[in-house]
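Read off the chains here:
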Amino acid sequence: MLQKIIITILFIPVLASHLPAKPLAGVALITSNNARAGAIADLFERHIISILKKTEIFSTVEYGIIKKELQKFSCTSERCVLGFSKSAKFSFLVTGSVTDRNDYITVELSAYGTMPPHDSRLIADRRVKIKLKYNLTSREFSLISEEHAGKFISSALKHFKEPVYIKNSRPDTARKLSGTYSLYIAENGFTREYGKVTVRDGIITEPVDETKSPFILISHDKKAEDISEYYTNEKRKIVFKKTSLYDTFYFMLFTAPASATMPFASPVLGYSAQNDWQGLGLWAVNASPYLYGEARGFINRPSKLRSENRDITRDDMAMNYFAWYMLLAGGTPLFIDAFSHDYLNRASYFKDKYDLMGNSYTAAWLSLISNGGGHFYRGSRSWGYFYFHLNNILLYMTLREYVQPEEYNSTTGAYEKQSRNSKSAAIWGSVLAISKTVEIIHAVYSNDRIENGQEITGGFSTEPVFSFDYSGKPVYGLNFTFRY
């Protein structure tokens, strides 16, 4: 049966005309469990072939040809597909599946190398769970599948080694190679190093025994990085409008009103309106201590304490200053998070295009005037809350050591200022300055969270095992599998 498949495919003109100096690549089967999953699987196959073709590394087989022939002869098992791939001399073959679970889809893609040095082994795989959170159109499904196909090919190329055989004292490739390479031969299904050769302008400088079919290996790390960078930049162009300093000036004017209205705007107009219940819960837990501190700082303000002839402690003074900071700037990060998280989420699915997002100048400004603001703007809640708490604590401790408490003298009826802890204030202030510098740089060079889908990188699975040992006795047990 397999021979029929090979003969059928080898007579297809597309295969017959491919360039022999390029390794052959294609998509075998991407299975699906229903009609929608089938349409998405077709999109993945088309995009994978298109990306492979654009790399100029491979000679590719057009969409649907391999799949049609394999299905015709019921060659759908991994063993059969890999056997076909090796016989047809494919160097790079992709298989996979798309599973539709109504509210999300799971995409699994695998790349195999059937020629040396991979010898029918798995090169790379990618499993991703994509939540179908919005009413996606065919355009958005296509862009999402292309994005994940690009990430998959980029990952696979980092692990793929292209064998280039030596013929007539030259590497059999159109690429101009120069340098020292390890020489390999394939024996009994194994690849082993055979020596080293030096290539200068495409010519090998020393004699090589070509009867053993020796070859060198070429890596494609640079091409993998180019593909990853291309899709990152292209997505930013699609979902963000061109950034400018004017956007940052807008945020400068917007800072104080946003901070002042945060206690109402974030939970009501932000999280609740967007059904972001996770964000609302995080806001309630993390904002409560600061809202209490802000209220306490204004209630126990120094002017009120003076009117009551009460001592003004170091904490009273520091809390009042900190309350003004929270009112005018400190609440901005939580305001930003309430809205930017949803904006970036929608952008990750290619739903909208935003003119105030994705600006490094704005990220720097928000990190400068508030704690964690730049990271919330980028869409990173974990880093946002980390810097929000860390630098708020450092700021409060710096204020506490710097202020001069006042004690009321009942004899004279006047207040007497006490000394400030200048040394401690300098230490806390220095730590704050270092932390803020790190925060700003981190925010500027961080990427916006516009990736959709959750990559499934590992996990345990168990299944019962029933078999027989060498003497014919039944064996029972559990099989544990760890995917990595």
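Up top you'll find the structure we're talking about.
Calculation criteria
All chains use their own residue numbering, which begins from 1 and follows the written sequence. Local features are withheld for residues below a pLDDT of 70 in this predicted model, meaning they are given only at 70 or higher, and side-chain atom pairs are given and counted only at 80 or more; totals for whole chains, interfaces and linings count all residues. Side-chain numbers come from the whole structure's heavy atoms, not from hydrogens or water. Starting at the N terminus, helices and strands are each numbered in turn, a helix being any DSSP run of H or I of at least four residues and a strand any DSSP run of E of at least two. For the exposure calls, accessible area comes from a 1.4 Å probe over protein chains only, and a residue counts as buried if that area is under 20% of its type's maximum, exposed if over 50%, partly exposed in between. In this analysis, two residues are considered to be in contact whenever any of their non-hydrogen atoms come within 4.5 Å of each other. Computed with a 1.4 Å probe, the accessible areas rest on the Shrake-Rupley method; for each residue, only the protein chains presented here act as cover. A helix is expected to span 1.5 Å for every residue after the first. The arc in question is the one traced by the directions running from the helix axis out to the C-beta atoms. To qualify as a nonpolar core, a set must consist of buried Ala, Val, Leu, Ile, Met, Phe, Trp, Tyr and Cys residues joined through side-chain atoms within 4.5 Å. Only strands joined by at least two bridges in the DSSP assignment are considered to pair.

What follows concerns the overall build of the chain. Each helix and strand counted, the chain has 16 helices and 16 strands in total. By residue count, 46% of the 484 residues in the chain fall in the buried class. Long-range contacts, defined as pairs at least 24 residues apart, comprise 69% of the intrachain contacts of the chain with a sequence gap of at least 6. Summed over its atoms, the accessible surface of the chain is roughly 25,100 Å², and 56% of this surface lies on carbon and sulfur atoms.

For the rest of this paragraph, the subject is helix 7 (residues 221-239). Taking 1.5 Å per residue as the helical rise, helix 7 with its 19 residues ought to reach 27 Å, and the 28 Å between its terminal C-alpha atoms agrees with that figure. Within helix 7 the residues assigned to the buried category are A224, I227, Y231, K235 and V239. Down the axis, helix 7 shows its buried residues gathered within 75° of arc, on one side only. For helix 7, the exposed residues lying more than 90 degrees away from the buried face are K222 and K237. On its buried face, helix 7 sits against helix 3 (35-55), helix 6 (138-159) and helix 12 (332-348).

Among the nonpolar cores identified, the biggest contains 81 residues, and I48, F92 and I153 are the most heavily contacted of them. Those residues in contact with I48 that sit more than four places away from it in its chain are V27, I30, V94, L109, A149 and I153.

Moving on to the sheet that holds strand 1 (residues 24-32). Pairing in this open sheet of six strands is mixed, and the strands run 2-1-3-4-5-14 from one edge to the other. Strands at the two margins of the open sheet, each flanked by one partner only, are strand 2 (59-60) and strand 14 (454-455). The pairing of strand 3 (residues 90-100) with strand 4 (residues 104-113) spans eight bridges and is antiparallel. Bridge pairing in strand 4 places L93 opposite Y112.

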